[in-house]
Structures are given as structure tokens and as C-alpha cells.
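# What the coordinates show
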2 protein chains.
Amino acid sequence: MASFQLDTIYLDGLKDLIQNKKDKDLKKQLNDLHYADIAEIIEQLELSQSIYLVKLLDSEKTADALAEVDEDLREKILQQLSAKEIAEEVEELDTDDAADIIAELPEERKEKVLSQIEDSEHLKDIRELLKYDDDTAGGLMAKELVKVHEDLSVLKCVNAMRKQAEEVTRVHSIYVVNAKNQLLGRLSLKDLLTANSRAIVKDIYIPKVDYVHVNENVEEVAKIMSKYDLEAIPVVNDQKQLLGRITIDDIVDVIKDEADKDYQLAAGISNDVEADDTIWELTRARLPWLFLGLLGGLGSVFILKDFESIMTQPKLRSLFFYTPLIAAMAGNVGVQSSAIIVQGLANDVVKGSLIDRLFKEVGLSLINGFILAVFLILFGVLLGQEFVLSITVAISMMGVIVVAALIGTFVPIVLDKRGIDPAIATGPFITTANDIFGIFLFFFIAKEILGF
Amino acid sequence: MASFQLDTIYLDGLKDLIQNKKDKDLKKQLNDLHYADIAEIIEQLELSQSIYLVKLLDSEKTADALAEVDEDLREKILQQLSAKEIAEEVEELDTDDAADIIAELPEERKEKVLSQIEDSEHLKDIRELLKYDDDTAGGLMAKELVKVHEDLSVLKCVNAMRKQAEEVTRVHSIYVVNAKNQLLGRLSLKDLLTANSRAIVKDIYIPKVDYVHVNENVEEVAKIMSKYDLEAIPVVNDQKQLLGRITIDDIVDVIKDEADKDYQLAAGISNDVEADDTIWELTRARLPWLFLGLLGGLGSVFILKDFESIMTQPKLRSLFFYTPLIAAMAGNVGVQSSAIIVQGLANDVVKGSLIDRLFKEVGLSLINGFILAVFLILFGVLLGQEFVLSITVAISMMGVIVVAALIGTFVPIVLDKRGIDPAIATGPFITTANDIFGIFLFFFIAKEILGF
């Protein structure tokens, strides 16, 4: 349903209320909204208006909204808030979001904000989370969870759980630990509701529990959670002590970010930009890849220059008309091959020997190349082009397609083996390499056949 | 953790056991595994071995594994099972997975399998789900959920819930309905555990509940669930009657599939193929896009042919050396621009007027183009190329970049407005259009400047 629809009329109404400082009306109108809707509103208002709203509304509401908005915007808003005000927002957040926001602050403000946090337990948790890297399980987990000791009775367990649950937004599992806080297993709320109240936790808990190490990479965590359809996973240290838990909503964000990043890399964009970023941010993300393309193009200039002499021969110079076609085919085939491999590597489906894969790619590109070559020859006939020239172009194109497919397939595999993200290979990198290589190969084969 | 690691040694051991029909050992070894691990094993074995396992192990275990494996493989396995055997597997599944599997069967087998399902309630639910389109909320939802009547006391509610919960793998929310089965609100298990047992559901339930219409598109459902961080969402009909619920694990799959599809489209691959698909499947997915590229390349042949006469002029013919460079820049810029817009449209961040966006794109490409042009001129100087030629190439390239960026930006926007998936624009479509257009524009501008 999405009962809330942000449209221009609604937004204009809000802007009017802010303009005229109708604080009461604003509070009335916004206090019932979900924080995700407030975040959407904040992203649409002018900066000064957003800051007005953040200061006006209860931190209970705005804290989660602030955690949702785009990082760049959050930075600008937080710059206009005092350390005390930021601390108030942070106190309303779960520890994972709180730590994320504090980690983004400039060094000198971090301590100021931390020193203003009143809840010492919350502060301790946030400080702990700040220690972990962004891209590890520790950087993603929250300290909020419900755990019980193995020796408790179900009745006491329910009581303990009630107390802890007040601070935990969603209870997926109740984790069972021993006296050393080591993770033993889990209990579902369902189990708790159906168990005899005098039973002991030790006797009813499920010892089979998935968990991840605090230093595990987030992409690996995402794979595990989505493979096993988990909604939350506990995080432990080397001693298997329970440190925190990761929930599926954070994993959904990881999966989306990862997909966005790969998509952008394939299109030749770095730095994770958005359509609404500034021209400078967009330039920084795009120019390096264009520069790579330029270098590739200049490489082709050298290759083509080498064949300048055939331009005086009417029979041969037609080869030059085919350079964009050859470059395009080399680029397209390379991108196709690398995209399939990059996805296969990401989903762990690239198995079997390299030799098998090599034969498959060669076979595939020979089939594709042959069909396209036939069409190319037909085109030459229709055009009244000399037959030997058409044949030459067709054969060269097939050669280029095979080589481009091999480059597209093996570059990502080699990168992956060396621990480099293979996603970087798809896109301008492969296209540029294949452009140069394709054009060189094209003229090389043509020279062999036509003997110039 | 991932306590399970599928390696060659493990797999070879399994193959041996299957070869020698060591059924007891196989059962012992596999019965403790998670169904996702069984699915992984099934995908790695020979088909006949997989079928042996499916027939050997309990349906309780294999049903979920079958629901997880790749669709092509599932089809092959199910072909070897009798209608009765398939029905046994289906009975073990939640209604959503059951309906998905039956929907994939050939028409004539569907009824045979359905008629073998013994649980009439399950059968009724599956038949209902089969009515809905794959890409709607109805096609994704399961009938399994926990609901209570608004007039129940908490005590009775707990009892009702206990009974229903036995069939529901994970209880996120308890949905509250009236006598007409209309959705009124929800209760969390947490609320239930903390409420006074004599309270009435009506007095404690939360009336604010997100829901989606049964005909809502799945991508929209994914957006709502990820925006509001929901782990499950109820599905209703026009009368707001509760029909089913969608859980986040299915949404994670939707998000991943969507991302994979967009990535493949950007790379010029259709039909959702994988690295391990057959050569024929891969050809079907790749050849049409290559053919598009070929047509584009042949278009360039015509354009270049028109300028054949300048090949006899040593001063001018160098222009031909730059055609791959121009085509590459046009293609790269176009893909960058369209990728940013396609992602923006997917995440609803493309706002503001078209005029603003136009100015931004022109500004951005002028900056990028200018920097690249300066470099190109320097290159010409180093090469000892005639200055006017370098200037001509540089200016033409800037023109090409601006136009390519505009095409890349506005084609997806126009497609989106017409209800066509804009993701189709990024990749070969834009590259090919920009190749032709870029080369034409390049020679056109050069002709104007150099006056040939």
C-alpha cells in the first residue's frame, strides 16, 4: 500500500508551513509518519528547511530518518547541529546506526559528540563498534540482541527476555550463552511460547545455530544469510563469545550497494555516485574511465597510421571503413563474456576446469562469429563489394570475436585469482583493451590474406 | 562459520557412496545438512546421481533443496520423478514454493501432480496461488501466516497462535482480522509475551500495518519492504481481506534477480543466462545484441564510405585514424550517462526538471570533453601532427561527447516514461546508436572546420 505518497503538492504545503514557522502544524503532520518517509521528505527539501525540521521534531523520529538519508546530505545537516544535538539523535539510534553516523564525523567532532552521550552502556557499545572495519561483520552488527543463560528456567527466561526486548526493535531469535558469554545455540520466540514454563533453557534450546566471525567480510555474511534464508545472524569472536547480531535489513542494503557498484563499474563509473550528485563528483567518477578510453583510442591511431599506405589503393582502403565495426564487435563480445564470468564468480557458479571453459568460449564465439560473418558477406555482395575483401573482413572479424571472448573470459578469472574485484574488468577496461587488440588483429589478418 | 564447505574431496566421497549404493551412509551423512547445502550438492552431481539422492532422502529434506536449485536442473530432475513422487515433495513445501514448482511443470503433468496431493487445505491454497502472475505480490506470497480474530483474549490468542505456528516456519507478526477476514492490524510476538493474558486483542493490537495489494508488482513490493525495513508484509485483495504474506527472503531473491538482469542487459545479454548454461542458451542470449552491433558497424561503413575521397589527401586522411577513438568515446560517455539515469530511476532519485538535467549533462560533458580535448591536442603536438587537424579532432570529439551524453541521458528517461524498462537502453543499444551518431558527427564537424 505505502499509505504515504510524497508529491509536489504535499511538499509545497510542507514548505509553506516551514516558511511560516507553523511548528504545531508541522509536528502534527509529521509525527505520524514513518521515519523512512521523513527521510524522503528531508532529501527533497532545501538544506535549511531540512535542518529546521530536524531541530523541530523529536529525536526519536528524526534520528532514524537521519540514519536513512544520503551520506552527503547527512554530513551537511550534521555540520549545522551542535555536538549536544547530534548526541541526542545518536542516543535514539540502535548501536549500529549510531556508530555509523559517528564514524562519518570529522575526527575533532567525534570525541565531542561521544562525550555528550549520557547513557554509559550505549556509549560503551558504540565505542566498541567504532573499532571494527566498515566492511566486516563487526562494522555491520548491532549490540542490541536478546540472550539468556543456559541454566535459566523458561519462566525466568521469558522475564529476562521481556526486559531486554524493550531495547531491541525486533526479536528474531533468543541466543543462549554460557557463563563465559559463549554462544551455545538459540531459542525462537515460538519455542518459548510453546514450551513448559518450568523447563530449563539447557534442555530445550537448539544447538544448531549459524554465526559469523566478527572479522568476516560483509559480502560473505550476505552470501551466508541469503543462502540459508536467515533473518538475523549472531556475531562472535575467536573465543566464540557473542558480540552482536546482524539483521537482514542491513544485508539487503549490502546486496543493493554491491549490485549498484558492480553496475557502475561495468558502465565505467567509480566512487558510487548518484544522478543528483554535483558535477564535480560526477566528473571525478567518470573522467578517469574516459581517459582510459582516450588512451585506447590513441593506441588505435598508432596502429591505423601503420597502414596509411593502403589508403592509396582503392581495393584495400575499404578496410578502414570497417574499423568501427571491428572495434564494436570486439568490445561487445568482450563485455558479454566478462559479465557472465563476473556474475558467475559472484554467485560461485564458475566451476570446472579452465580448459573446459576455454573450449566452451571458443566454441560459442565461433558459432556467433560464423553467423555474423555470413551476414557480413551477404552485405558485401549486396553492396557490390569485391568478394575477396568481404571474405577477408568476415574471417578477420571471426578471429577478433574469438580473441575478444577469450580476453573477456580470462581477465576476470585472473583478477579474481589475484584477489582483485573482477567487476572492474567488465566495462571500459575490457572494451578498451579489445578495441586496440581487435583493430590490430583485424589488419594483421587482412594483411596475411590480402598480402599487402 | 558456514560449518559446511563443499569441496572436491567431499563430493568425490559422496559420488563413491552413490556408486556403491551405500544408502545408509548417505542418509547418515546428508540428513543433518541444511537444505541449501543439499541443493548445492545436487547442483554439483551428475544428473543421475542427483535423482538417486532425491529419491533416497526424505522429502522433508529434498523438497526445500529442490525449490532452491537452478530452474533448468529442477526441470530435468522432475522429469524423472512420477507424479506421485513430485506430489510428495510438494506437500512438504510452503505454499509459495509449492505453487512455483507446479507452475513450472508441463501443462499435462500439472493436474496429475495436483490430484496426488492428499492435504486438501494445502491443495486449495496451491490452486489459489497458481492463479496469480509470477511478477505480482500474489505470485510471491505464501498462504502460511498467523492470524487472530480481534475479539480474542490474549490467552486464547496464544493458543490459536500456537496451533497455527506449527505450520509456519517463521512468525514475524500476528495479523489481526475481523469476522470478514479483513486486515485490521498486527501484534508482535513480543507484544504478546508482554501483555496481560486477560487483555483482548482489540485493545492491544497495532492498527498501523503496512500491506500490499495482491496485484502489486514485485519490484514495488521489494521497494516498500526495503524502504520500511520490513521482514514480512501481508497481502490483501480489493476488500482488504488478508490473502497471504510475503517474507523478506523472497524479496532478497527478487532484488538479486533484478540486479543480475540489469547487469546482463547493460552487458548485452538477455534471457538471464549463467556461465554454466549450454552453448545454445548462451548463443540465444548473446547473438541478438551482437547482431545489433553488427548493424551499427555496417551503418558506420556507409558513413565512412561517403568520405572515401579524402583518403587521397594526405592532410585529411588522418581523420580516419581517429574513428575508433571517436566511437569509443561516444560509446563510453553514453553508457556512463545512461547507467546513472537507469540507477536513479530504479531508486527513484531522478527528480527535478528535465531542463535542469539537460544543463547538468551538457555542463558535465563539456568539462570532461574539454580536459580530454586538451590531452588530445598535446598528443597531436607530440606526434608532430598538423595543429589544425588536432584542433579539429578535439573540437569534434567534444561535440560527440556532449551529444552522446544527451542521448545516454534522455533515451532511458523517455523509455521509462513509456513504460519500457530503461535498463535495456544501457549497453549495446546506446553504444551502437552512439557509435554511428558519433562517427557521423565527427566527420560532419571536421568537414565544416576543414572545409572539404
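Everything numeric here is computed off the predicted structure, so don't read it as measured data.

What counts and how
Residues numbered from 1 in each chain as written. Chains lettered and ligands numbered in written order. Predicted model: local features only at pLDDT ≥ 70, side-chain atom pairs only at ≥ 80, totals over all residues. Helix = DSSP H or I, 4+ residues; strand = E, 2+ residues; numbered from the N terminus. Rg over C-alpha atoms; globule rule 2.2 N^0.38 Å. Contact = placed C-beta atoms within 7 Å. Pairing = 2+ DSSP bridges. Axes fitted to C-alpha atoms, helices over the stretch in contact; angles between N-to-C directions. Nonpolar A, V, L, I, M, F, W, Y, C, P; charged D, E, K, R; others polar. Buried ≥ 20, exposed ≤ 12 C-beta atoms within 10 Å, placed from the backbone. Expected span 1.5 Å × (residues − 1). Core = buried A, V, L, I, M, F, W, Y, C linked by C-beta atoms within 7 Å. Domains from an automatic or database assignment. Parallel < 35°, antiparallel > 145°, perpendicular 65-115°, else oblique. Left-handed = near helix turned anticlockwise from the far one by under 90°. Least-squares fit on C-alpha atoms with pLDDT ≥ 70 in both. pLDDT = per-residue confidence, 0-100.

## A look at the overall build of chain A
A tally of helices and strands in chain A yields 21 helices and six strands. The globule rule puts the C-alpha radius of gyration for 452 residues at 22 Å, and the 30 Å found for chain A is more than 25% above it. Dimensions along the principal axes, computed over C-alpha positions, put chain A at roughly 90 × 65 × 45 Å. Considering only contacts within chain A whose residues lie at least 6 apart along the sequence, 68% involve residues at least 24 apart.

## Overview of the sheet that holds strand β4 (residues 212–213) of chain A
Residue and element names in this part refer to chain A. Here three strands make up an open sheet; going across it, the order is β4-β5-β6 and the pairing mixed. Bordering the open sheet on either side are β4 and β6 (242–247), each of which pairs with just one other strand. The pairing of β4 with strand β5 (residues 232–236) spans two bridges and is parallel. Along β5, the bridge assignment pairs His213 with Val236. On the sheet, helix α15 (residues 218–227) packs against β4, β5 and β6 and is oriented at approximately 135° with respect to β5. Each of β5 and β6 touches helix α16 (residues 248–267); the most contacted strand, β6, lies at about 60° to it.

## Some points on the interface of chain A and chain B
The interface is formed by 95 residues belonging to chain A together with 96 residues belonging to chain B. Within the residue set of the side of chain A that touches chain B, elements represented by two or more residues are α12 (154–165), α13 (189–194), α15, α16, α17 (279–305), α18 (323–346), α19 (354–383) and α21 (428–450) of chain A. The greatest single-element share of the side of chain A that touches chain B, amounting to 17 residues, is contributed by α17 of chain A. Among the residues forming the side of chain A that touches chain B, the class breakdown is 57 nonpolar, 20 polar and 18 charged.

## Quick look at the pairing of strand β5 (residues 232–236) of chain B
Residues and elements named next belong to chain B. Among the five residues in β5, five count as buried, and that is most of the element. Residue alternation in β5 divides its side chains into two sets, Ala232, Pro234 and Val236 and Ile233 and Val235, and both sets are buried. Here β5 runs beside strand β6 (residues 242–247); their pairing, made up of five bridges, is antiparallel. Across the sheet, the residue bridging to Pro234 is Arg245, located in β6. As consecutive antiparallel partners, β5 and β6 are separated by five residues, and within that stretch Lys240 has a phi angle of approximately 65°, a positive value.

## Regarding helix α18 (residues 323–346) of chain B
Between the first and last C-alpha of α18 of chain B there are 34 Å, a value that for 24 residues agrees with the 34 Å anticipated at 1.5 Å per step. Judged by how many residues are buried, α18 of chain B sits mostly within the fold: 23 of 24 residues are covered.

## Section: the nonpolar core
Formed by 266 residues in total, the largest nonpolar core has its most connected members in Val221, Met329 and Met397 of chain A together with Val221, Met329 and Met397 of chain B. Those residues in contact with Met329 of chain B that sit more than four places away from it in its chain are Leu290, Gly293, Leu294 and Gly297 of chain A together with Met397, Val400 and Ile401 of chain B.

## Some remarks on the environment of Ala328 of chain A
Relative to the helices and strands, Ala328 of chain A is located in helix α18. C-alpha of Ala328 of chain A to C-alpha of Thr431 of chain A: the two residues are 103 residues apart in sequence and 8.5 Å apart in space. If sequence neighbours within four positions are ignored, Ala328 of chain A has contacts with Gly293, Gly296, Gly297, Ala327, Thr432 and Asp435 of chain B.

## Some details on the domain arrangement of chain A
The assigned domain composition of chain A is domain 1 (8–135), domain 2 (147–247) and domain 3 (279–450). Each of domain 2 of chain A and domain 3 of chain A has a C-alpha centre, and the two are 53 Å apart.

## Overview of the packing of α16 of chain A against helix α16 (residues 248–266) of chain B
In contact at an axis separation of 10 Å, α16 of chain A and α16 of chain B are set at 5° when each is read in the N-to-C sense. Relative to α16 of chain B, the element α16 of chain A is oriented roughly parallel. Here Ile248, Val252, Ile255, Lys256, Ala259, Asp262, Tyr263, Ala266 and Ala267 of chain A of α16 of chain A come into contact with α16 of chain B, specifically with Ile248, Val252, Ile255, Lys256, Ala259, Asp262, Tyr263 and Ala266 of chain B. For the contact of α16 of chain A with α16 of chain B, the class distribution of residues is 13 nonpolar, no polar and four charged.

## Overview of the packing of helix α8 (residues 95–104) of chain B against helix α10 (residues 120–130) of chain B
All names here are of chain B. Where α8 contacts α10, the two axes come as close as 9 Å, and the packing angle between them is 60°. On the basis of their axis angle, the class for α8 and α10 is oblique. Seen from above, α8 lies across α10 with right-handed handedness. Contacts between α8 and α10 pair Thr95, Asp96, Ala98, Ala99, Ile102 and Ala103 from the former with His122, Asp125, Ile126, Leu129 and Leu130 from the latter. The residue inventory of the contact of α8 with α10, partitioned by class, reads seven nonpolar, two polar and two charged.

## Let's talk about the sheet that holds strand β2 (residues 173–177) of chain B
Residue and element names in this part refer to chain B. Spatial ordering of the open sheet is given by β1-β2-β3, a layout of three strands whose pairing is mixed. Pairing within the sheet leaves two strands with one partner each, and these edge strands are β1 (147–149) and β3 (183–188). Going from strand to strand, the sheet's axes swing by 35° on average, the running direction of each strand aside. As judged from the three bridges shared by β1 and β2, these two strands associate in the parallel manner. In the sheet register, His149 faces β2, and the bridge partner there is Val177.

## Describing the relation of the copies chain A and chain B
Relative to chain B, chain A is turned by 180° and slid 0.0 Å along the rotation axis, the superposed coordinates differing by an RMSD of 0.1 Å. In the structure described here, the two chain copies are related by an operation that fits a two-fold rotation axis. Most of the interface of chain A is mirrored in chain B, where 100% of its interface residues again form contacts.

## Some remarks on the environment of Leu184 of chain A
Looking at where Leu184 of chain A falls in the secondary structure, it is placed in strand β3 (residues 183–188). In this structure Leu184 of chain A touches Glu150, Val176, Val177, Asn178, Tyr205 and Pro207 of chain A, once residues within four positions along its chain are discounted.

## Details of unusual backbone geometry
Residues and elements named next belong to chain A. Of note in this structure, Lys21 is not a glycine but carries a positive phi near 50°. Backbone geometry places Asp229, a non-glycine residue, at a positive phi of 50°. Secondary-structure assignment places Asp229 in the loop between α15 and β5. The class for Asp229 is buried, based on 20 C-beta atoms found within 10 Å.

## A closer look at the confidence of the model for chain A
All names here are of chain A. Averaged over all residues, the pLDDT of chain A is 88; the fraction at 70 or higher stands at 97%. Per-element confidence in chain A ranges from a low mean pLDDT of 72 for α13 to a high of 96 for β4. Reported confidence for the predicted complex is 0.82 by ipTM and 0.84 by pTM.

## Points about the pairing of β3 of chain B
All names here are of chain B. For β2 and β3, the ladder comprises five bridges, and the chain directions are antiparallel. The partner of Ser173 across the bridge, within β3, is Ser188. Remark: five residues form the turn of the hairpin made by β2 and β3, two consecutive strands paired antiparallel; Asn181 in that turn has positive phi of roughly 65°.

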